[in-house]
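# An overview of the molecular structure
Read off the chains here:
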Amino acid sequence: NAGVIQTPRHKVTGKGQEATLWCEPISGHSAVFWYRQTIVQGLEFLTYFRNQAPIDDSGMPKERFSAQMPNQSHSTLKIQSTQPQDSAVYLCASSLGTGDTLYFGAGTRLSVL
Amino acid sequence: QQKVQQSPESLTVSEGAMASLNCTFSDGTSNNFRWYRQHSAKGLEVLVSIFSDGEKEEGRFTAHLNRANLHVSLHIREPQPSDSAVYLCAGVYGGSGNKLIFGTGTLLSVKP
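Anyway, here's the lowdown on the structure attached to this text.

Scoring rules and cut-offs
- Residues numbered from 1 in each chain as written.
- Chains lettered and ligands numbered in written order.
- Predicted model: local features only at pLDDT ≥ 70, side-chain atom pairs only at ≥ 80, totals over all residues.
- Heavy atoms only, no water.
- Contact = heavy atoms within 4.5 Å.
- Buried area = accessible area lost by both parts, 1.4 Å probe.
- Salt bridge = Lys/Arg side-chain N within 4 Å of Asp/Glu carboxyl O.
- Polar contact = N/O pair within 3.5 Å; in protein donor to acceptor, adjacent residues only side chain to side chain.
- Helix = DSSP H or I, 4+ residues; strand = E, 2+ residues; numbered from the N terminus.
- Nonpolar A, V, L, I, M, F, W, Y, C, P; charged D, E, K, R; others polar.
- Disulfide = S-S within 2.5 Å.
- Buried < 20%, exposed > 50% of the residue type's maximum accessible area, 1.4 Å probe, protein only.

## Overview of the interface of chain B and chain A
Of the residues lining the interface, 17 residues belong to chain B; the matching set on chain A comes to 21 residues. Both faces combined, the contact of chain B with chain A buries some 1,400 Å², and carbon together with sulfur accounts for 51% of it. The interface formed by chain B and chain A includes one salt bridge. The salt bridge involving Asp-56 of chain A is made with Lys-99 of chain B; its shortest N-O contact spans 3.6 Å. Inspection of the region where chain B meets chain A yields four residue pairs in polar contact (both at pLDDT 80 or more). Contributing elements (two or more residues each) for the side of chain B that touches chain A: β4 (33-38), β5 (44-50) and β10 (99-102) of chain B. Each residue belonging to the side of chain B that touches chain A can be placed in one class, and the counts come to seven nonpolar, seven polar and three charged.

## Concerning the environment of Phe-51 of chain B
Relative to the helices and strands, Phe-51 of chain B resides in the loop between β5 and β6 (54-58). Taking the C-alpha atoms as reference points, Phe-51 of chain B and Gln-38 of chain B, 13 residues apart in sequence, are found 22 Å from one another.

## Comments concerning the state of the cysteines
This model, assessed by the stated rule, comprises two disulfides over all chains. Here Cys-23 of chain A pairs with Cys-92 of chain A through a disulfide, and the sulfurs are 1.9 Å apart. Looking down the S-S bond of the Cys-23 of chain A and Cys-92 of chain A bridge, the torsion is -65°, so its handedness is left-handed. Of this pair, Cys-23 of chain A sits in strand β3 (residues 19-24) while Cys-92 of chain A sits in strand β9 (residues 88-95), placing them 69 residues apart in sequence. As far as the burial class goes, Cys-23 of chain A and Cys-92 of chain A line up, both buried. Residue pairing for Cys-23 of chain B: its cysteine sulfur links by disulfide to Cys-89 of chain B, the two sulfurs lying 1.5 Å apart. Where Cys-23 of chain B bonds to Cys-89 of chain B through sulfur, the torsion about that S-S bond is close to -80°, and the disulfide is left-handed. Pair noted here: Cys-23 of chain B is in strand β3 (residues 19-25) and Cys-89 of chain B is in strand β9 (residues 85-93), with a separation of 66 residues, a long-range link. By relative accessible area, which is 0% here, Cys-89 of chain B ends up buried.

This is the structure we're talking about:
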């Protein structure tokens, strides 16, 4: 079991460019979560899928951010027109079912210059 | 919006001495709490999950939950330098248990 896999580990974009972050959940896990971690805000919930369907996106910024889960083996988080304040570590997690323990990936560090 | 306060912000202990970390939650709507550890540049590792008042032990890690006081603590027995990391507590919220609300973390340093 390779755990939750996130790619890339580091991404550097220029202001205004698009960034796509990838997550491969643990095989067999039905729930996938995205979190953002910064020094100031700590770990913040962004969005959550269950059986590939979006369930709760209450933490997602209303503009520029979107997440998809086209199949059970991967999810993407896309940030359009990136801004310096988007710089953070983006963490993906999966769990067997809702309410079960979340297992986190190592994260993608996004730096917007 | 639920909030989680962790204390202390940082803690230094000597190898082998007990380390104690604390979390206080803003409300009592969760009954499911987790402690995670994050080593530098690595993902979060779950340490203990606790669902009822009292204590839950996982190896050298013991969590104590007091829901009436909205308080959960983590005690690390015989800490090693390899235990140096950021420790995060989290409560599970959301109607279907779908959302973790995290504390701001405690940076633990264990000196040899």
